Amino acid sequence: MPGIEAQKAFDLIGERFPGSDANGANARIVFIAPDGEKITAAGHRAAVGALVSEVAGGPQVDSAVDPFRVKAVSKDTSTAYATVTYKVKADDLTDASKSALEDAIGEARDAGLTVEVGGNALSSQPAAGGSAEAIGIALAALILLITFGSLAAAGLPLLTAVIGVGISMCAILALGSTFGLDMTTGTLASMLGLAVGIDYALFVVSRYREERANGRQPYEAVGLAVGTAGSAVVFAGLTVVIALAGLSVIGVPMLTKMGLCAAGAVILAVLVALTLVPALLGMWPNAVLTRRTRKQGAATAQHAVGGRDNGGTRWARFVLRRPVVVLLVGVAGLGALALPAAQLEMGMPGAEAKPVSTTERRAYDALAEGFGAGFNGPLTIVVDAKGAADPKTAARTITGEIERTDGVVSVSPARFNPDGDTALFSAVPATGPNDETTKNIVQTIRAERQGLEKQTGATFEITGTTAMNIDTAGALQDALLPYLTVVVLLSLVLLLVVFRSLLVPLKAALGFLLSVLASLGAVVAVFQWGWGAELLGVEQTGPIMSLMPIFLVGIVFGLAMDYEVFLVARMREAYVHGERPAQAVVSGFRHSARVVVAAAAIMIAVFSGFVGADESMIKTIGFGLASAVLFDAFVVRMALVPAVLVLLGDKAWWLPRWLDRTLPRVDVEGAGLTAHADPTTGPASGDIPAQTPVRI
């Protein structure tokens, strides 16, 4: 992450210590003696020495340090560790190098020692996510089948969504080595691409079935479906893409890659919904219709659709009878869920967040037990002594001052570069990498810098995994509020153009904030406080992944605007046709509630499938997105929105005349297109502006 101190120090090490790759692979091999025995016993010591000697001569190895030479033995002499560094990055390690290390470890285990391996040389990779996607697809298929009552109608959105995700994943794999894309990036792109791909196809198919039920001919119904629901899909997709692409301005390369890849998957989902979906509907025009619609004639079907009540209208009337109660209960419930978000702590979970079945987690626990919790997160300090009269004396002074800092338990001897102007040493804190006390220790050491610089003429910076995570979390936490502000302002502008109203966008933005904060509160309660963590397979609680809150805000913004557009646009369409505000709400729910509920249920199903992933970040984001969609779709859009609209009445759709003349006209629901296709069903004179709507 450019710009933070830990990154600057990291870059300085690479510059001043030529020939060493700070990104080189490493393995920390932990040796544990059997119960009641000591690792210093002659037999165990020989087994450890044999392993270190064998590994040191292996391919691509830079160094292997014997624990007995550097006193890397616990005080109770039950545990020791050896550090192995490689000349290349973990991704560039050959199978021969990994096999040599694994064989040496196997021999030490045969000698009776318990041997675990930390570091990234043999790090286990997270599951590819195929099972999570399969679970999501299965649940989505069930929801679609219940919604449409037709295998073909349920299968078409699934088929087109899978095709879109397949193209996205092929692109990510093809460009992976060039742009440094990893498995996490691809998993997030497939998660979002699958969810929106199903939803966007669902909207088009649902509108096509509605037009056919209203007596339209197949080709005309396809055109109207793409011209109405398809336009809404384009707008909804653009909001998601803008929010995701906007992540690139935060300045975190990993976040930029994830956002752009996910945005690309959404673009493909939109293109598939506008091209492949209508093409398939044109090839098999009756396949997605219900058996009842196929049997009935056009006139009969049109009469049957009429103004028939359904679950959406009944729910809308329930809310309209008691809007104040629904509003208060909804806001109070989401507000209560949002309270834990005030205690949000961000970090970067490491081996401690892995399952205990992995050797990395067992190595982490063994080191913490034998050497102290802070041993798993040492601080790397680089001393720039170019401006010092005596570099060695300056380095000793800085080392001694840091060793005397409260919370620092040990400091290693300083190691100088060949030019003798830069020193490198490590400091071990008393607390773990993600402990708040460790963060305070880092801040305390940095506060001592100014005085030491005046005293010695040298300066220093702190890096290492722990410091890098602390600095990254701090920078992202500082960026969260500005990014949230930009997203909310963007939503106000976009919805102002779409709905030509001041209060509807404001209501949508406030609802979005409620759902995001409630979702963050749920994430904190589960993954930070541990409420119900065992039910989700969370074995270690702690700080929330630094990237997660900002990424959650970006995605949920787009999804919230999806539901707002598809639900409220039908209400506005009814209102401009002359219906009273309350009746317009009922009409909007009659046409859109069922499809919005199905779309939200599919989103929740897809995201919930990823809660079972092994990767901590994917698990957290899957849970956060599923809870955010649940709160936004079922509480905000389905309950708070109709309650607020009926309380506002005609004021909800008010817009100053000067602003009405200034704003571009975007006919998202295609009211002008519907009037053109069938003038007899179009709006009365004056309901639709004289200008030709801008098609998007």
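It should be emphasised that the depicted structure is a prediction, and the values quoted were computed from it without experimental measurement.

Caption draft 1: Highlighting the packing of helix 15 (residues 436-447) against helix 17 (residues 465-499). Packing of helix 15 against helix 17 leaves a shortest axis separation of 11 Å and a crossing angle of 95°. When the axes of helix 15 and helix 17 are compared, the pair comes out roughly perpendicular. For the pair helix 15 and helix 17, the contacting residues are Thr438, Lys439, Val442 and Arg446 in the first and Thr466, Ala467, Ile470 and Asp471 in the second. Partitioning the contact of helix 15 with helix 17 into residue classes produces three nonpolar, two polar and three charged.

Caption draft 2: Expanded view of a nonpolar patch on the surface. Taken together, the side chains of Leu502, Leu503, Leu506, Leu510 and Trp654 make up a nonpolar region of the molecular surface, amounting to roughly 450 Å² of accessible area. Here Leu503 lies in helix 18 (residues 503-528).

Caption draft 3: Just a negative patch on the surface, in detail. Negative charge collects at one region of the surface, where Glu54, Glu102, Asp103, Glu107 and Asp110 lie side by side. As for its position among the elements, Glu102 is in helix 3 (residues 95-110). A relative accessible area of 44% places Glu102 in the partly exposed class.

Caption draft 4: Expanded view of the packing of aromatic side chains. According to the stated counting rule, one finds nine aromatic pairs in the structure shown. Here Tyr81 and Phe375 contribute two aromatic rings whose centre-to-centre distance is 4.9 Å and whose plane-to-plane angle is 65°, an arrangement assigned as edge-to-face. Here Tyr81, found in strand 3 (residues 79-86), pairs with Phe375, found in the loop between helix 13 (359-371) and strand 6 (379-384); they are 294 residues apart in sequence, far enough to count as distant. Exposure class is identical for Tyr81 and Phe375. Each is buried.

Caption draft 5: Structural context of the sheet that holds strand 4 (residues 114-119). The four strands are arranged 2-3-1-4 in an open sheet whose pairing can be described as antiparallel. Pairing within the sheet leaves two strands with one partner each, and these edge strands are strand 2 (61-65) and strand 4. Across this sheet, the average inter-strand angle for adjacent strands is 20°, counted without regard to direction. Across four bridges, strand 2 lies against strand 3 in antiparallel orientation.

Caption draft 6: View of the environment of Ser426. Positionally, Ser426 belongs in strand 9 (residues 422-429). C-alpha separation for the pair Ser426 and Ala243, spaced 183 residues apart in sequence, amounts to 40 Å. In contact with Ser426, not counting residues within four places along its chain, are Leu379, Thr380, Ser410, Val411 and Ser412.

Caption draft 7: A look at the nonpolar core. Ranked by size, the top nonpolar core spans 167 residues in total, and within it Tyr200, Phe512 and Phe607 carry the most contacts. The element that contributes the greatest number of residues to this core is helix 19 (residues 548-576), accounting for 18 residues. Ignoring anything within four residues of it in the chain, the contact list for Phe512 reads Leu484, Val487, Val488, Val553, Val556, Phe557, Ala560, Asp632 and Arg637. Ranked by size, the runner-up nonpolar core spans 27 residues in total, among them Ala33, Val55, Leu93 and Ala108.

Caption draft 8: Representation of the pattern of salt bridges. Under the counting rule described, the total for this entry stands at 16 salt bridges. Among the salt bridges present, the one from Glu5 reaches Arg446, with a minimum N-O distance of 3.1 Å. Remark: Arg446 occurs in helix 15 and Glu5 occurs in helix 1 (residues 5-16); sequence separation between them is 441 residues. Residue Arg446 is classed as buried on the basis of its relative accessible area, which comes to 17%. Here Glu210 ties to Arg570 by a salt bridge, and the two come within 2.9 Å at their closest N and O atoms. Here Glu210, found in helix 6 (residues 183-213), pairs with Arg570, found in helix 19; they are 360 residues apart in sequence, far enough to count as distant. We note that Glu210, like Arg570, is buried. Sharing partners across several salt bridges, the network here consists of Glu5, Arg446, Arg449 and Asp471.

Caption draft 9: Structural view of the packing of helix 18 against helix 21 (residues 616-648). At a minimum axis distance of 8 Å, the contact between helix 18 and helix 21 shows a crossing angle of 145°. In the crossing of helix 18 with helix 21, the sense of the turn from one axis to the other is right-handed. Taken together, the residues of the contact of helix 18 with helix 21 sort by class into 19 nonpolar, six polar and four charged.

Caption draft 10: Expanded view of helix 17. With 35 residues, helix 17 ought to run about 51 Å at 1.5 Å a step, and its terminal C-alpha atoms sit 48 Å apart, in line with that. Maximal helix bending in helix 17 amounts to about 30°, located at Leu480; proline Pro482 follows within four positions. Directly beyond the C-terminal end of helix 17, a positive phi value near 50° is found at Arg500.

Caption draft 11: The environment of Ile550, seen in detail. Structurally, Ile550 is set in helix 19. Once you skip the residues sitting within four places of it in the chain, Ile550 turns out to touch Leu247, Ile250, Leu255, Leu476, Ala479, Leu480 and Tyr483.

Caption draft 12: Inspection of the environment of Gly464 at higher detail. With respect to the helices and strands, the residue Gly464 is situated in the loop between strand 10 (459-463) and helix 17. We classify Gly464 as buried; its relative accessible area is 17%. Counting along the chain gives 71 residues from Gly464 to Leu535, while the straight-line C-alpha distance between them is 34 Å.

Definitions and cut-offs
- All chains use their own residue numbering, which begins from 1 and follows the written sequence.
- Selection of residues for local features in this predicted model requires a pLDDT of at least 70, selection of side-chain atom pairs for listing and counting requires 80 or more, and totals for whole chains, interfaces and linings are taken over all residues.
- By convention in this description, side-chain values take in all heavy atoms of the structure and omit both hydrogens and water.
- Think of each axis as a best-fit line through the C-alpha atoms, taken over the contacting stretch in the case of a helix, with angles from 0 to 180 degrees between the N-to-C directions.
- Counting from the N terminus, the helices are the DSSP runs of H or I reaching at least four residues and the strands are the DSSP runs of E reaching at least two.
- Reported orientations rely on four angle classes, namely roughly parallel under 35 degrees, roughly antiparallel over 145, roughly perpendicular from 65 to 115, and oblique for the rest.
- Note on definitions: a residue-residue contact is assigned when non-hydrogen atoms from the two residues lie within 4.5 Å.
- Three categories are distinguished: nonpolar for Ala, Val, Leu, Ile, Met, Phe, Trp, Tyr, Cys and Pro, charged for Asp, Glu, Lys and Arg, and polar for the others, with Gly belonging to the last.
- Residues form patches when they are more than 30% accessible in relative terms and have no salt bridge. Like charges link within 9 Å. Nonpolar side chains (Val, Leu, Ile, Met, Phe, Trp, Tyr) link within 5 Å.
- Note on areas: Shrake-Rupley, 1.4 Å probe, and residue coverage restricted to the protein chains presented here.
- Think of a salt bridge as a Lys or Arg side-chain nitrogen and an Asp or Glu carboxyl oxygen that are within 4 Å of each other.
- Charge convention: Lys and Arg are scored as positive, Asp and Glu as negative, and His as well as the terminal groups of each chain are ignored.
- Note that the charge is assigned to NZ on lysines, CZ on arginines, CG on aspartates and CD on glutamates.
- Each residue is placed in one exposure class: buried if its accessible area under a 1.4 Å probe, protein chains only, is under 20% of its type's maximum, exposed if it is over 50%, and partly exposed if it falls in between.
- Ring pairs are drawn from Phe, Tyr and Trp, using the six-membered ring of Trp, whenever the two centres fall within 6.5 Å, and their geometry is named by plane angle: stacked under 30 degrees, edge-to-face over 60, tilted for the rest.
- For two strands to be treated as a pair, DSSP must find at least two bridges joining them.
- By nonpolar core is meant a set of buried Ala, Val, Leu, Ile, Met, Phe, Trp, Tyr and Cys residues that side-chain atoms within 4.5 Å join together.
- Rotating anticlockwise by less than a right angle from the far helix to the near helix defines a left-handed crossing, while the corresponding clockwise rotation defines a right-handed one.
- By definition here, a helix of n residues has an expected span of 1.5 Å times n minus one.
- What we call the bend at a residue is the angle made by axes fitted to the seven residues finishing there and the seven residues starting there.

Everything listed here is a matter of geometry and, on its own, says nothing about what the molecule does.
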